[in-house]
Amino acid sequence: MAPTKVTVVDLRSDTISKPTDQMRTRMASAEVGDDVYGEDPTVNELESRTAAMFGKEAGLFVPSGTMGNLLAIMVHCHRRGTEALVGDLSHIFLYEQGGASHLAGVQLATLKNEQDGTFSLEELRRRIRHDDCHEPITSLVVVENTHNICGGKVVPLSFLDELAALVRQPGVGTGSARIALHMDGARVFNAAASLGVGVERICRDFDSVSICLSKGLSAPVGSVLVGGKDFIAEARRLRKALGGGMRQVGILAAAGLVALEEVVPLLGKDHERTKKIAKAIYALQSPNITVDLDTVQSNILLVEITQPKLKASEFSTRLGTVEPEELEAGLTDASGAGIVVKASARDWAFARLVLYHQVDDQQVELAIRKLEYVIGQYDKRWPKA
């Protein structure tokens, strides 16, 4: 019979994170005003503090990272029919419903993402278009950092520096207009924690950055788009057109302030716990399921399915199931409850595990025990030849 109790370790995404007690307290007492009039003091503080952290002139609080990215595209590619170059595994290309095309009138052209989240700068150079009247004008290049589908990879600073130097070269771009750089920095604070540098250094040469507050930073909702004053002024105007003009939204911005103050310094701990799970899986030396330790850089772990008879979705389903044999083998928490681990899996060759603020050391140990047990089952079914 199925157990009456289970303990769930939800590692599907850091979007599962919940606001901290301090966030809830600050939200309840937040000073508010009408943000469309620019009169919400808590929003104004969040925008100015975030911009200062990134070395930018201004910021804009938006409901989601998807809106932040779309606004950046709309401002930088202000002429319909222009083109933005993005990675073929980027969130903007895969998971934002093609908003750049059907809402902004901008064509997304893709560059092949390498395993480290970068793309070929030589290919980028060849793909820039601006002279031929038959072709769209390349107005924007987008980098995602950390890179989600590449496994939370931290884009190297050397690549960012070389990219900036390339697009700033004389003759690159159309006339006096240069190609802009935008960073989808949904998890850029994770990149900073991994590199041991400030976010200002990572985003130094980027015209705009979108930062998510509601993933690993634990806020309930919202992102901040940062950039120059003129850029943000235009983005603020377009935010209203997209339905993002909110009123007494300081209640939400208050949680973002706590995220910057209290959660950002803890991201390194999430990385350590992620590596602990990765090392436990690697130590099994399974012929069917493994991890590449050298590629674990932040709070995202890709568990590679090397057995062709096994699908990532099947593996994920099994992790979320408690079988009677598990209980008999003692695979329970301290109270005797079965262990459920929730993982992400689509039509990928891997299952994705993502850690965040509420996944503590005890939950990590439970997840490791469940993973070891389930992987052991598959190894008995398909032992090494």
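Before reading on, note that the structure itself is shown above.
Given the structure is predicted, the values throughout are model-derived calculations rather than measurements. (Residues numbered from 1 in each chain as written. Predicted model: local features only at pLDDT ≥ 70, side-chain atom pairs only at ≥ 80, totals over all residues. Heavy atoms only, no water.)

S.K.: Please explain the overall build of the protein as it appears in this structure.
M.R.: Helix and strand counts for the protein come out as 15 helices and 12 strands. Along the three orthogonal principal directions, the C-alpha set of the protein runs to about 70 × 55 × 35 Å. Across the 385 residues of the protein, 54% fall into the buried class. Considering only intrachain contacts with a sequence separation of at least 6, the fraction spanning at least 24 residues in the protein is 74%. Between the averaged position of the 43 positive side-chain charges in the protein and that of its 49 negative side-chain charges there is a distance of 2 Å. (Helix = DSSP H or I, 4+ residues; strand = E, 2+ residues; numbered from the N terminus. Buried < 20%, exposed > 50% of the residue type's maximum accessible area, 1.4 Å probe, protein only. Contact = heavy atoms within 4.5 Å. Lys, Arg positive; Asp, Glu negative; His and termini not counted. Charge placed at Lys NZ, Arg CZ, Asp CG, Glu CD.)

S.K.: Looking at this structure, I do not really get the side chain of His-147. What am I missing?
M.R.: Along the chain, His-147 falls in the loop between strand S5 (138-144) and helix H7 (157-167). Dropping the residues within four chain positions of it, His-147 is found in contact with Leu-89, Ser-90, Asn-113, Gly-117, Gly-152 and Lys-153.

S.K.: What is the right way to read the environment of Leu-103 from this model?
M.R.: Here Leu-103 shows up in the loop between helix H5 (99-102) and strand S4 (107-111). Taking the C-alpha atoms as reference points, Leu-103 and Leu-242, separated by 139 residues in sequence, lie 9.1 Å from one another. Contacts of Leu-103, omitting those with residues within four sequence positions, involve Leu-70 and Arg-80.

S.K.: Teacher, can you tell me more about the packing of helix H1 (residues 21-28) against helix H11 (residues 250-263) here?
M.R.: Between two packed helices, the angle of one axis relative to the other and the distance separating the axes together describe the packing. With their axes 8 Å apart at the nearest point, H1 and H11 run at an angle of 145 degrees to one another. Remark: the crossing between H1 and H11 carries right-handed chirality. In this structure, H1 contributes Gln-22, Met-23, Arg-26 and Met-27 to the contact, and H11 contributes Ile-251, Leu-252, Ala-254, Ala-255, Leu-257, Val-258, Ala-259, Glu-261, Glu-262 and Val-263. Residues belonging to the contact of H1 with H11 are distributed by class as follows: 10 nonpolar, 1 polar and 3 charged. (Axes fitted to C-alpha atoms, helices over the stretch in contact; angles between N-to-C directions. Left-handed = near helix turned anticlockwise from the far one by under 90°. Nonpolar A, V, L, I, M, F, W, Y, C, P; charged D, E, K, R; others polar.)

S.K.: Looking at this model, I keep getting lost on helix H2 (residues 41-53). Mind explaining?
M.R.: Every α-helix carries 3.6 residues per turn, so stepping three or four residues along brings you back to the same face. Taking 1.5 Å as the rise per residue, H2 with 13 residues should run 18 Å; its terminal C-alpha atoms sit 18 Å apart, in good agreement. Three or more residues of H2 are buried, namely Thr-42, Val-43, Leu-46, Glu-47, Thr-50 and Ala-51. In an axial view of H2, the angular spread of the buried residues amounts to 160 degrees, which keeps them on one side of the axis. Residue Asp-40 occupies the N-cap position of H2, its side-chain oxygen lying 3.1 Å from the main-chain nitrogen of Thr-42. (Expected span 1.5 Å × (residues − 1). Arc of directions from axis to C-beta. Polar contact = N/O pair within 3.5 Å; in protein donor to acceptor, adjacent residues only side chain to side chain.)

S.K.: Help me understand the packing of aromatic side chains in this model?
M.R.: For any pair of aromatic rings, geometry is given as the distance between the ring centres together with the angle between the planes. The final tally for this structure, using the stated rule, is 5 aromatic pairs. With 5.3 Å between their ring centres and 85 degrees between their planes, Phe-119 and Phe-159 make a pair best called edge-to-face. With a gap of 40 residues between them, Phe-119 in the loop between S4 and helix H6 (121-127) and Phe-159 in helix H7 connect regions that are remote in the sequence. For the pair formed by Phe-119 and Phe-159, the shared burial category is buried. Pairing Tyr-378 with Trp-382 gives two aromatic rings, centres 5.9 Å apart and planes at 5 degrees, and the pair type is stacked. For Tyr-378, a relative accessible area of 4% puts it in the buried group. Put simply, the rings of Phe-315, Tyr-378 and Trp-382 touch in pairs and so form one group of aromatic residues. The ring of Trp-382 is capped by Arg-381, whose NZ or CZ atom sits 5.0 Å from the centre of that ring. (Phe/Tyr/Trp six-rings, centres within 6.5 Å; stacked < 30°, edge-to-face > 60°. Lys NZ or Arg CZ within 6 Å of the ring centre and 35° of its normal.)

S.K.: Just checking my understanding: could you explain the nonpolar core for this structure?
M.R.: For soluble globular proteins, nonpolar side chains are generally found buried alongside one another. Core analysis: the largest hydrophobic core is formed by 56 residues, its most contacted members being Phe-54, Leu-124, Val-141, Leu-163 and Phe-189. Ignoring anything within four residues of it in the chain, the contact list for Phe-54 reads Val-188, Phe-189, Val-199, Glu-200, Cys-203, Val-209, Ile-211 and Val-226. (Core = buried A, V, L, I, M, F, W, Y, C linked by side-chain atoms within 4.5 Å.)

S.K.: Explain the pattern of salt bridges to me, please; I cannot follow it from the model alone.
M.R.: When the charged atoms of two side chains with opposite charge come close together, those side chains can pair. The final tally for this structure, using the stated rule, is 22 salt bridges. Two residues, Asp-34 and Arg-247, come together in a salt bridge whose shortest N-O distance is 3.2 Å. Here Arg-247 lies in the loop between helix H10 (229-241) and H11 and Asp-34 lies in the loop between H1 and H2, a separation of 213 residues in the sequence. Judged by relative accessible area, Asp-34 falls into the buried class, the value being 15%. Here Arg-247 falls in the partly exposed class, since its relative accessible area comes to 39%. A salt bridge links Arg-381 to Glu-314; the nearest nitrogen and oxygen atoms lie 3.7 Å apart. With Arg-381 in helix H15 (residues 361-381) and Glu-314 in helix H13 (residues 312-319), this residue pair connects regions lying 67 residues apart in the sequence. When its relative accessible area of 32% is taken as the criterion, Glu-314 is described as partly exposed. (Salt bridge = Lys/Arg side-chain N within 4 Å of Asp/Glu carboxyl O.)

S.K.: Would you explain the sheet that holds strand S10 (residues 300-305) in this entry?
M.R.: In a beta sheet, neighbouring strands pair by backbone hydrogen bonds and run either parallel or antiparallel. Sheet architecture is open: 3 strands sit in the order S9-S10-S12, paired in antiparallel fashion. Of all strands in the sheet, those with a lone pairing partner are strand S9 (289-290) and strand S12 (350-354), marking the two edges. Lying on the sheet, helix H12 (residues 267-283) is in contact with S9, S10 and S12; it crosses S10 at an angle near 15 degrees. (Pairing = 2+ DSSP bridges.)

S.K.: What exactly am I supposed to notice about the sheet that holds S4 here?
M.R.: Reading across from one edge, S2-S8-S7-S6-S5-S3-S4 is the order of the 7 strands in this open sheet, with mixed pairing throughout. Looking at which strands have only one partner, the edges of the open sheet turn out to be strand S2 (58-62) and S4. Ignoring which end each strand starts from, the neighbouring axes of this sheet average 20 degrees apart. Across 5 bridges, the pairing between S2 and strand S8 (residues 223-227) is antiparallel. Following the sheet pairing, Leu-60 is matched in S8 by Leu-225.

S.K.: Even after reading the chapter, I still don't get the state of the cysteines, so can you show me in this structure?
M.R.: Note on terminology: a disulfide is the covalent bond linking the sulfur atoms of two cysteines. Taken as a whole and judged by the stated rule, the model has 0 disulfides. No disulfide involves Cys-203; its nearest neighbouring cysteine sulfur is the one of Cys-212, lying 14 Å away. Using a relative accessible area of 0% as the deciding quantity, one classes Cys-203 as buried. (Disulfide = S-S within 2.5 Å.)

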